[in-house]
Amino acid sequence: MTLLPKRVENQPVRMPMLIALVLVHTLALAAPFTFTWQGFSVFVVMMFATGCLGITLCYHRLLSHRSFKTHKLVKYFLMLCGTLSLEGDPSWWVATHRLHHMESDQEMDPHSPRVSFAWAHVLWLLYDDERSHDPAAQARFIPDLVNDPWAKFLARFFLPINLGFLALLYGVGFWMGGFKMATSMIIWGGFFRIAWVWHITWFVNSVTHVLGYRNYETRDDSRNIWWVALLSFGEGWHNNHHANPSAAKSGHRWWEFDLTYGIIKLMQVTGLAWKIHPVVSGQAPGVVKPLPGLQAQVLER
Ligand SMILES: [Zn+2]
Ligand SMILES: [Zn+2]
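Thresholds, definitions, all that
Residues numbered from 1 in each chain as written. Chains lettered and ligands numbered in written order. Predicted model: local features only at pLDDT ≥ 70, side-chain atom pairs only at ≥ 80, totals over all residues. Helix = DSSP H or I, 4+ residues; strand = E, 2+ residues; numbered from the N terminus. Rg over C-alpha atoms; globule rule 2.2 N^0.38 Å. Buried ≥ 20, exposed ≤ 12 C-beta atoms within 10 Å, placed from the backbone. Contact = placed C-beta atoms within 7 Å. Expected span 1.5 Å × (residues − 1). Bend = angle between axes of the 7 residues up to and from the residue. Axes fitted to C-alpha atoms, helices over the stretch in contact; angles between N-to-C directions. Parallel < 35°, antiparallel > 145°, perpendicular 65-115°, else oblique. Left-handed = near helix turned anticlockwise from the far one by under 90°. Nonpolar A, V, L, I, M, F, W, Y, C, P; charged D, E, K, R; others polar. Core = buried A, V, L, I, M, F, W, Y, C linked by C-beta atoms within 7 Å. pLDDT = per-residue confidence, 0-100.

**Looking at the overall build of the protein**
For step 1, the next point in the chain: Regarding its fold elements, the protein presents twelve helices and two strands.
For step 2, the next point in the chain: For the protein, the N- to C-terminal ordering of α and β elements is α-α-β-α-α-α-α-α-α-α-α-α-β-α.
For step 3, the next point in the chain: Taken over C-alpha atoms, the radius of gyration comes to 19 Å for the protein, in line with the 19 Å a tight globule of 301 residues would show.
For step 4, the next point in the chain: Taking all 301 residues of the protein together, 42% fall into the buried category.
For step 5, the next point in the chain: Once local pairs closer than 6 in sequence are excluded, the contacts in the protein between residues at least 24 apart make up 67%.

**Section: helix H2 (residues 37–64)**
For step 1, the next point in the chain: Over its 28 residues, H2 runs only 35 Å from end to end, short of the ideal 40 Å by more than 12%, given 1.5 Å per residue.
For step 2, the next point in the chain: The largest bend in H2 is about 40°, located at Cys58.
For step 3, the next point in the chain: Immediately beyond the C-terminal end of H2, within one or two residues, lies Arg66, with a positive phi of roughly 45°.

**Focus on the packing of H2 against helix H3 (residues 72–83)**
For step 1, the next point in the chain: Axis separation between H2 and H3 bottoms out at 7 Å; the angle between their running directions is 120°. As judged from the angle between their axes, H2 and H3 are oblique. Regarding H2 and H3, the two cross each other, and that crossing is left-handed. Touching Ala49, Thr50, Leu53, Gly54, Ile55, Leu57, Cys58, Tyr59 and Leu62 of H2 are Lys75, Leu78, Met79, Cys81 and Gly82, all from H3.
For step 2, the next point in the chain: Broken down by class, the residue content of the contact of H2 with H3 amounts to ten nonpolar, three polar and one charged.

**Considerations on the nonpolar core**
Generally speaking, soluble globular proteins have nonpolar side chains that are buried together.
For step 1, the next point in the chain: Core analysis: the biggest nonpolar cluster contains 52 residues, and Cys58, Leu78 and Val94 have the highest contact counts within it.
For step 2, the next point in the chain: For this core, the secondary-structure elements that each account for two or more residues are H2, H3, helix H4 (90–103), helix H7 (149–156), helix H8 (158–206), helix H9 (226–231) and helix H11 (259–269).
For step 3, the next point in the chain: Those residues in contact with Leu78, other than ones at most four positions away along the chain, are Leu53, Gly54, Leu57, Cys58 and Leu62.
For step 4, the next point in the chain: Formed by five residues, the second largest nonpolar core is a distinct cluster that contains Val115, Trp119, Trp124 and Leu125.

**Here's the deal with unusual backbone geometry**
Trans peptide bonds make up the majority, and among non-glycine residues the majority have a negative phi.
For step 1, the next point in the chain: Of note in this structure, Asp105 is not a glycine but carries a positive phi near 60°.
For step 2, the next point in the chain: By the element assignment, Asp105 lies in the loop between H4 and helix H5 (117–121).
For step 3, the next point in the chain: Although it is not a glycine, Phe233 adopts a positive phi angle of roughly 60°.
For step 4, the next point in the chain: Relative to the elements of secondary structure, Phe233 occurs in the loop between H9 and helix H10 (238–243).

**Side note on the confidence of the model for the protein**
For step 1, the next point in the chain: Counting all residues, the mean pLDDT for the protein is 92, and 93% of those residues have values of 70 or more.
For step 2, the next point in the chain: Scored below 50 in pLDDT, residues 295–301 makes eleven contacts in the model with residues more than four places away or belonging to other chains.

**Re the packing of H2 against H4**
For step 1, the next point in the chain: Viewed as axis vectors pointing N to C, H2 and H4 meet at an angle of 65°, and their least axial separation amounts to 10 Å. Remark: the crossing between H2 and H4 carries right-handed chirality. Across the interface between the two elements, Tyr59, His60, Leu63 and Ser64 from H2 touch Pro90, Trp93, Val94, His97 and Arg98 from H4.

**Side note on the environment of Arg7**
For step 1, the next point in the chain: Within the secondary structure, Arg7 is located in the segment before helix H1 (15–28).
For step 2, the next point in the chain: C-beta crowding within 10 Å serves as the criterion here: with 12 such atoms nearby, Arg7 is assigned to the exposed category.
For step 3, the next point in the chain: Between the alpha carbons of Arg7 and Ala28 there is a distance of 32 Å; along the sequence they are 21 residues apart.

**Some details on the environment of Met108**
For step 1, the next point in the chain: Checked against the element boundaries, Met108 lands in the loop between H4 and H5.
For step 2, the next point in the chain: In this structure, the C-alpha to C-alpha distance between Met108 and Pro5, residues 103 residues apart in sequence, is 9.5 Å.

**Quick notes on the environment of Trp188**
For step 1, the next point in the chain: Position of Trp188 among the secondary structure elements: in helix H8.
For step 2, the next point in the chain: Given 29 C-beta atoms within a 10 Å radius, Trp188 is considered buried.
For step 3, the next point in the chain: Residues Trp188 and Thr218 lie 30 residues apart in sequence; the distance between their C-alpha atoms is 39 Å.
For step 4, the next point in the chain: With near-sequence residues (within four places) excluded, Trp188 lies in contact with Ala31, Thr34, Gly39, Phe40, Val42, Phe43 and Arg193.

Here it is in structure tokens:
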């Protein structure tokens, strides 16, 4: 059994990424010993701000698939939320994700579990893929982001912004209750929350291409699985998403709860979101075939 694809066999491991992964996970293990209700509250707020608003709503549905439109300032705030997830800057994330849709479960997919589950979940991050950051590739894959000044700023200052936020957590905690509270804040609001959101996002790359049921006969192995959908604010309906990538709504059957779509609808009601892409049947003719019983929901506009 091999863990890695052939294309990276002679590539060196990205040491800064390996160090970051080990460091964050090691510090996250301190969570049970540093629990305070204040730290836990910051965990919940920041988990939602970075995991739901930052990654699912912004990096994925707004930036990668342009499934709705919003005001520039709202978009920029959401991009900052995504940056604080420590999952890479918006341009890198969106380029990687668009590649995933272009090459889903094929040889050049950045993270297919056909290589190995561990590769799809985390190992792929340890190897450089120039398609995600090379200027020529970015001009091709993210022409809409490549000249965005805020995206450029977040890419350039990605690490200082995240380190600054961790220092802020520590400082506020220290002001609230000395060393003990400061430690609780930085572990719960910082490292444990980062590790949590990482694994939720990684589950979408690994688990939802392996486990669960399918509503659509797509070319890839994408599947729908309820517990990933709950943890990831709707992203676990991943087979629906691969069948209709630009749709704002990922839950297509009535029981497929999609919190992020609820937020988009709430934004619409309050004038913060418009041009919301509907679920369209047969977006990729001959490839995406809804299975029996789904036609009515698929045609909803
Ligand atoms: Zn996928
Ligand atoms: Zn997607």
